[in-house]
Each structure stands twice: as structure tokens, then as C-alpha cells.
Amino acid sequence: MPGMLRLATVGAALALGAAQASAAPPSSSPNAPAQVPTARIGSDYTYGPVTDVSYIRVEYGRFETYIDWLNSTWKPTMVALKKAGIIIDYKVYQLRPKSPDEPNLILMLTFKNMAAYAGDMGDKVEEFEAVTDKVICNTECQNNARVARGEYRKLLGNELIREVILK
């Protein structure tokens, strides 16, 4: 139906993330960042889009409240980010958690490539924030709203995954 968020199983995306994580060679130091293999000319793969995955736990009985916020605020922001060429896609997935400390919702923002990534360590963060400030409100206002949403939803973590395109 138009206007409805897409809710589905996220197993394939999580499997991709797990495969990428297990493909990284072990580092010499436990605190060293994970090594990501680089594509070589003539290799059997290239890198594709980059997706920022947010793992959310919505409190029992508050799912509809959170979906209302996603429809009223988050989705219009994603539409504006897509129109501005900052993201290429966004998705929402519902999960059936195995335990109370696992996510029951996943939000995904997909960027064309790592150079287009606008997360907290990306080069496009200023452009991203300019759109969110215009569509939602300024950073202080957004932070206050995050605190209020914290009463019924918890961000359990984020993960950055990158598609590997086999040739």
C-alpha cells in the first residue's frame, strides 16, 4: 500500500553484515580497528552501496506510537534526503527478538558508496544535518525529541555494512 512502511525479515542483510565481519583478517591488537579488504583492479568483486543499520528496541505497547513518529517525522526526512541525493534508499524492518534485550525494529539508510556516507564519521554529515534541520528542526530541538522518544524506544547500536558485488 502506498505510504506504508515496508516491514519484512532482515536476515539477508544481517547475514551480509556477519559475512563481511567474519571476512576481516584478525588484527594484531585487540583495540585495533577491523581491517577491511580493498578491491584490486581485476579482482572478482567491487564495492557497492553502504548501509547504516540502526538496531532499535521499542517498548511493549508503544510500537504504534513509534510507527506514528516514523511516518510523521522520520519518513519525510528520508524522502528529503533521497531527493537531495544524500541517500539512495531507506527501509524499516520489524524483527521477532529472541530475548528482551534484542532489537524488534531496524532502520536502514543506504548511501551510494563510502564517499557519500553521511554518518558521524562520514564526509557528508554537514549536508545531512542541513536537510534534517530544515525538515525537522535545529539540532538542539532534535536532541530534545530524541530524549523524549527514549521513554519508549532504545537505540541498541549501529552497524555499517557495505555491499560486495561479485563479478
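Residues numbered from 1 in each chain as written. Predicted model: local features only at pLDDT ≥ 70, side-chain atom pairs only at ≥ 80, totals over all residues. Heavy atoms only, no water.

Enquirer: Give me the lowdown on the environment of I88, citing residues and values where you can.
Expert: Tracing the chain through its elements places I88 in the loop between helix 2 (63–83) and strand 2 (89–94). For the pair I88 and M78, spaced 10 residues apart in sequence, the C-alpha to C-alpha distance is 9.5 Å. In contact with I88, other than residues within four places in its own chain, are P49, K82, T110, F111 and K112. (Helix = DSSP H or I, 4+ residues; strand = E, 2+ residues; numbered from the N terminus. Contact = heavy atoms within 4.5 Å.)

Enquirer: Residue-level account of the packing of aromatic side chains, with values.
Expert: Centre-to-centre distance and the angle between the planes together describe a pair of aromatic rings. Enumeration over the complete set of coordinates arrives at 5 aromatic pairs. With 5.6 Å between their ring centres and 20° between their planes, Y66 and W69 make a pair best called stacked. A residue pair is termed a helical-turn pair when its members lie 3 or 4 positions apart in one helix, as Y66 and W69 do in helix 2 at 3 residues. Seen in terms of ring centroids, W74 and Y90 are 5.7 Å apart; in terms of plane orientation they differ by 85°. Their pairing is edge-to-face. Residue W74 is located in helix 2, and its partner Y90 is located in strand 2; the two are separated by 16 residues in the primary sequence. A relative accessible area of 10% means that W74 is categorised as buried. Taking NZ or CZ as reference, R149 lies 3.9 Å from the ring centre of W69, over its face. (Phe/Tyr/Trp six-rings, centres within 6.5 Å; stacked < 30°, edge-to-face > 60°. Buried < 20%, exposed > 50% of the residue type's maximum accessible area, 1.4 Å probe, protein only. Lys NZ or Arg CZ within 6 Å of the ring centre and 35° of its normal.)

Enquirer: Would you mind going over the pairing of strand 1 (residues 45–58) in detail, with residue names and values included?
Expert: Along strand 1, 10 of the 14 residues are buried, which leaves the element largely enclosed by surrounding structure. Across 12 bridges, the pairing between strand 1 and strand 4 (residues 153–166) is antiparallel. Paired with V58 across the two strands is R153, which belongs to strand 4. Taken together, the 7 bridges between strand 1 and strand 3 (residues 105–111) define a ladder with antiparallel strand orientation. Bridge pairing links V50 to F111 in strand 3. (Pairing = 2+ DSSP bridges.)

Enquirer: Which residues make up the pattern of salt bridges, and what are the values?
Expert: Under the defined criterion, the tally for this structure stands at 2 salt bridges. For D89, the salt bridge goes to K82, with nearest N and O atoms at 3.9 Å. Judged by relative accessible area, K82 falls into the partly exposed class, the value being 39%. K91 is the salt-bridge partner of D89, the closest N and O atoms lying 2.9 Å from each other. Accessibility expressed as a relative area gives 18% for D89, which makes it buried. (Salt bridge = Lys/Arg side-chain N within 4 Å of Asp/Glu carboxyl O.)

This is a description of form; function is not addressed.
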